[in-house]
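# Chains, contacts and geometry: an overview
Listed below are the residues making up each chain.
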Amino acid sequence: DQQVKQNSPSLSVQEGRISILNCDYTNSMFDYFLWYKKYPAEGPTFLISISSIKDKNEDGRFTVFLNKSAKHLSLHIVPSQPGDSAVYFCAASSKLIFGTGTRLQVFP
Amino acid sequence: DGGITQSPKYLFRKEGQNVTLSCEQNLNHDAMYWYRQDPGQGLRLIYYSQIVNDFQKGDIAEGYSVSREKKESFPLTVTSAQKNPTAFYLCASSAIPPGTQYFGPGTRLTVL
């Protein structure tokens, strides 16, 4: 039973446009969420996080939004760059339950 | 230079052999974790440890064993009881959970 879901396995976006990656969770007790970026054959690298006491956290081109009532979070990347092409994982809670990832491809 | 290391990068073993994957961190993190990644799947937690000499099973612990004798080290043994051991294995560490996890570069294990 997947507690953290990323329903879009892939996303293709033109350079300069906005990328929106979505993540849904089922456990209302989750209170801390993270996004990781992963290149093939490498470990994930931390991107941005959000605590459940907030509904938005911004860091440069990356913004994470949290909608607790909908149990939904999203990662916005704007403007998207070719170097953003990677697999993005959302993760929840203390043991970091990961979603299945969304492969983002940013094309020129 | 602080970080988390895993060795080797690639590992090949014959079926039926146990194999131990190394994970070392010099970040002074209390918690360490082992994940497994398979194609089309997210990272699944195998074992985690929040303190020396203590560890807990994750979601897919069967066929694996760990030890945490030192704060810096959290080796994972893939035993012959693990039915599908071929995968990409990732080690991570964090300060006090739910702190941000920092991942090692991973070890790709192939069992022939």
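Our structure is the block above this text.
For the structure given in this document, a descriptive report is provided here. Computed from a predicted structure; not experimentally measured.

### Section: the interface of chain B and chain A
- Counting residues at the interface gives 19 residues for chain B and 17 residues for chain A.
- Both sides together, the interface formed by chain B and chain A hides about 1,500 Å², and carbon and sulfur atoms give 63% of it.
- Scanning the region where chain B abuts chain A turns up zero salt bridges.
- Where chain B meets chain A, there are three residue pairs in polar contact (both at pLDDT 80 or more).
- Elements represented by at least two residues in the side of chain B that touches chain A include exactly strand E4 (31-37), strand E5 (43-51) and strand E9 (87-94) of chain B.
- When its residues are assigned to classes, the side of chain B that touches chain A shows 11 nonpolar, seven polar and one charged.

### Remarks on the nonpolar core
Residues and elements named next belong to chain A.
- Phe33, Trp35, Leu73, Leu75 and Tyr88 are the most contacted members of the largest nonpolar core, which has 23 residues in total.
- Listing elements by their share of this core, those giving two or more residues are strand E3 (19-25), strand E4 (32-38), strand E5 (45-51), strand E7 (62-67), strand E8 (72-77), strand E9 (86-92) and strand E11 (102-107).
- Here this core takes four residues from E9, the largest share from any one element.
- Setting aside chain neighbours within four positions, we find tyrosine 88 in contact with Gln6, Leu21, Trp35, Tyr36, Lys37, Leu47, Leu75, Ile77, Gly101, Thr102 and Leu104.

### Notes on unusual backbone geometry
- Cis peptide bonds are those with omega within 30 degrees of zero, and the linkage from A:Val78 to A:Pro79 qualifies with -5 degrees.
- As for its placement among the helices and strands, A:Pro79 is situated in the loop between E8 and E9.
- At the junction of B:Ser7 and B:Pro8, the peptide bond is cis and its omega measures out at -10 degrees in the coordinates.
- Along the polypeptide, B:Pro8 turns up in the loop between strand E1 (4-7) and strand E2 (10-13).
- The phi dihedral of B:Asn53 falls on the positive side, at around 70 degrees, and the residue is not glycine.
- As for its placement among the helices and strands, B:Asn53 is situated in the loop between E5 and strand E6 (54-57).

Definitions and limits used
- For every chain, the first residue of the written sequence is number 1, and numbering continues from 1 onward in sequence order.
- Here chains are named by letter from A upward and ligands by number from 1 upward, in the order in which they appear as written.
- Predicted model: local features are reported for residues with pLDDT of at least 70 only, side-chain atom pairs are reported and counted for 80 or more only, and whole-chain, interface and lining totals are derived from all residues.
- Excluding hydrogens and water, the side-chain figures rest on all heavy atoms present in the structure.
- It only takes one pair of heavy atoms within 4.5 Å for two residues to be counted as in contact.
- Accessible-area loss on putting two parts together, using a 1.4 Å probe and summing over both, is the definition of buried area adopted here.
- By definition here, a salt bridge exists when the distance from a side-chain nitrogen of Lys or Arg to a carboxyl oxygen of Asp or Glu is within 4 Å.
- Two N or O atoms count as a polar contact when they lie within 3.5 Å, although within protein this holds only if one can serve as hydrogen donor and the other as acceptor, and sequence-adjacent residues are included solely when both atoms are side-chain atoms.
- Strands here are runs of E lasting at least two residues and helices are runs of H or I lasting at least four, both read from the DSSP assignment and numbered beginning at the N terminus.
- Just so you know the grouping, Ala, Val, Leu, Ile, Met, Phe, Trp, Tyr, Cys and Pro go in nonpolar, Asp, Glu, Lys and Arg go in charged, and all remaining residues, Gly too, go in polar.
- Nine residue types can take part in a nonpolar core, namely buried Ala, Val, Leu, Ile, Met, Phe, Trp, Tyr and Cys, and a core is a set of them joined through side-chain atoms within 4.5 Å.
- For each residue, the accessible area found with a 1.4 Å probe, counting protein chains only, is set against the maximum for its type, and the residue is called buried under 20%, exposed over 50%, and partly exposed in between.

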